[in-house]
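Structural overview
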Amino acid sequence: MISRVRGVTLACVLGATLASLTGCGTAQEPPAAHPAPSAPRAAIPPSSSPRPPTLAPGPGGLTPVFRNGPRTHGRTVALTFDADMTAGEGPRAAAGERFDNPRLIAALRALKVPATVFMTGRWAEQYPVQARSIGRDPLFEIANHSYSHYAFTGDCYDLPTLSQDRMRADVERAYTAFRRAGVPEPMPYFRFPGGCYDRLALKTLTSAGVTVVQWDVVSGDAFATDADAVARQVLEGVRPGSVVVMHCTTSAAPVTERAVRTVVPELRRRGFRFVKVSELIGDAAGR
Ligand SMILES: [Zn+2]
């Protein structure tokens, strides 16, 4: 069985409107068996470093889904930031809209908080200097949030939907964009746009070799205007091994940096240690 996504969240709606929240967060059953993707080539770029930890395939060989780390390995927590930019948003960026958030990255560096950035390929194309800087900083790791930020299911907020035959290519195109920007070691982790997936999407991505990463704590930073409310929601939700979803885009998550400046010292006061997703996956995989 595919574990069903728990809860409908606001965290994954960037690029869509808040008006239609149905669909995201529900893993849908496939209507019928589907052929496996034919391309055998791995999507992950070759690397000289030891391969990052991944989860074993799920039931039926499906792409594995990671939601949180072990609850009993100490007080670790992973902050994750989705760097969202959708394929059609170039003109908006050209008109001055900021899909990046340099102040957030600077705050994480100042606070020495390791973090995992789930970046779209389109974002890396728009902000190659930042993508490279984040990707070359050992404090951070860059993971894949698709190239286009289009949905991998038919009903995911208002995001345009990728057809099945374009899903894997969209993931690979993001890795190509990272490489072109100068990101040396993007991680073999993938977060579905909107967090929306179903069995067909998991099956289609099996040959890509990625571990899908969801979350167990929704920060609520998407379109938020109250940094304290975001911080409260995170602090109430975090448990040992938690994965928190936030965003790295000023346009649609303008208070995230302020929320982080509240959350980080408080979680440290409570004995939490900030880690990257790879450490939690390593813990879960027994490494
Ligand atoms: Zn996103």
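For the structure, see preceding data.
Residues numbered from 1 in each chain as written. Predicted model: local features only at pLDDT ≥ 70, side-chain atom pairs only at ≥ 80, totals over all residues.

1. Details of unusual backbone geometry
Under the convention used in this document: Runs of H or I in DSSP of at least four residues are treated as helices and runs of E of at least two as strands, each being numbered from the N terminus. Every C-beta atom is placed from the backbone, and the number of other C-beta atoms within 10 Å of a residue's own sets its class: buried at 20 or more, exposed at 12 or fewer, partly exposed in between.
Not every positive phi belongs to a glycine, and K112 is a case in point at roughly 55 degrees. For S146, which is not glycine, the phi dihedral falls at a positive 80 degrees. Topologically, S146 is positioned in the loop between β4 (140-144) and α5 (164-181). What makes S146 buried here is the crowd of 27 C-beta atoms within 10 Å.

2. Some words on the packing of helix α7 (residues 227-237) against helix α8 (residues 256-269)
The description of two packed helices rests on the angle between their axes and on the distance between the axes. This is how it is decided: Angles run from 0 to 180 degrees between N-to-C directions of axes, and those axes are lines fitted to C-alpha atoms, restricted for helices to the stretch in contact. Left-handed describes a crossing whose near helix is turned anticlockwise from the far helix through less than a right angle; right-handed describes the clockwise counterpart. We call two residues in contact when the distance between their C-beta atoms, placed using the backbone, is within 7 Å. Residue polarity is assigned by list, with Asp, Glu, Lys and Arg as charged and Ala, Val, Leu, Ile, Met, Phe, Trp, Tyr, Cys and Pro as nonpolar; anything else, Gly included, falls into the polar class.
One way to put it is that α7 packs onto α8 with a least axis distance of 8 Å and a crossing angle of 35 degrees. Crossing handedness for the pair α7 and α8: right-handed. On α8, the residues touching A227, D228, V230, A231, V234 and L235 of α7 are R258, A259, T262, V263 and E266. Residue composition of the contact of α7 with α8, by class: seven nonpolar, one polar and three charged.

3. Re the packing of helix α2 (residues 102-111) against α8
Heads up, the rule is: For classification purposes, an angle smaller than 35 degrees is called roughly parallel, one larger than 145 roughly antiparallel, one from 65 to 115 roughly perpendicular, and anything else oblique.
Interhelical geometry of α2 versus α8 gives an angle of 15 degrees and a closest axis separation of 9 Å. When the axes of α2 and α8 are compared, the pair comes out roughly parallel. When the axes of α2 and α8 are compared, the crossing they make is right-handed. Contacts from R103, L104, A107, L108 and L111 in α2 reach T256, E257, V260, R261 and V264 in α8. Of the residues contributing to the contact of α2 with α8, the split by class is six nonpolar, one polar and three charged.

Everything listed here is a matter of geometry and, on its own, says nothing about what the molecule does.
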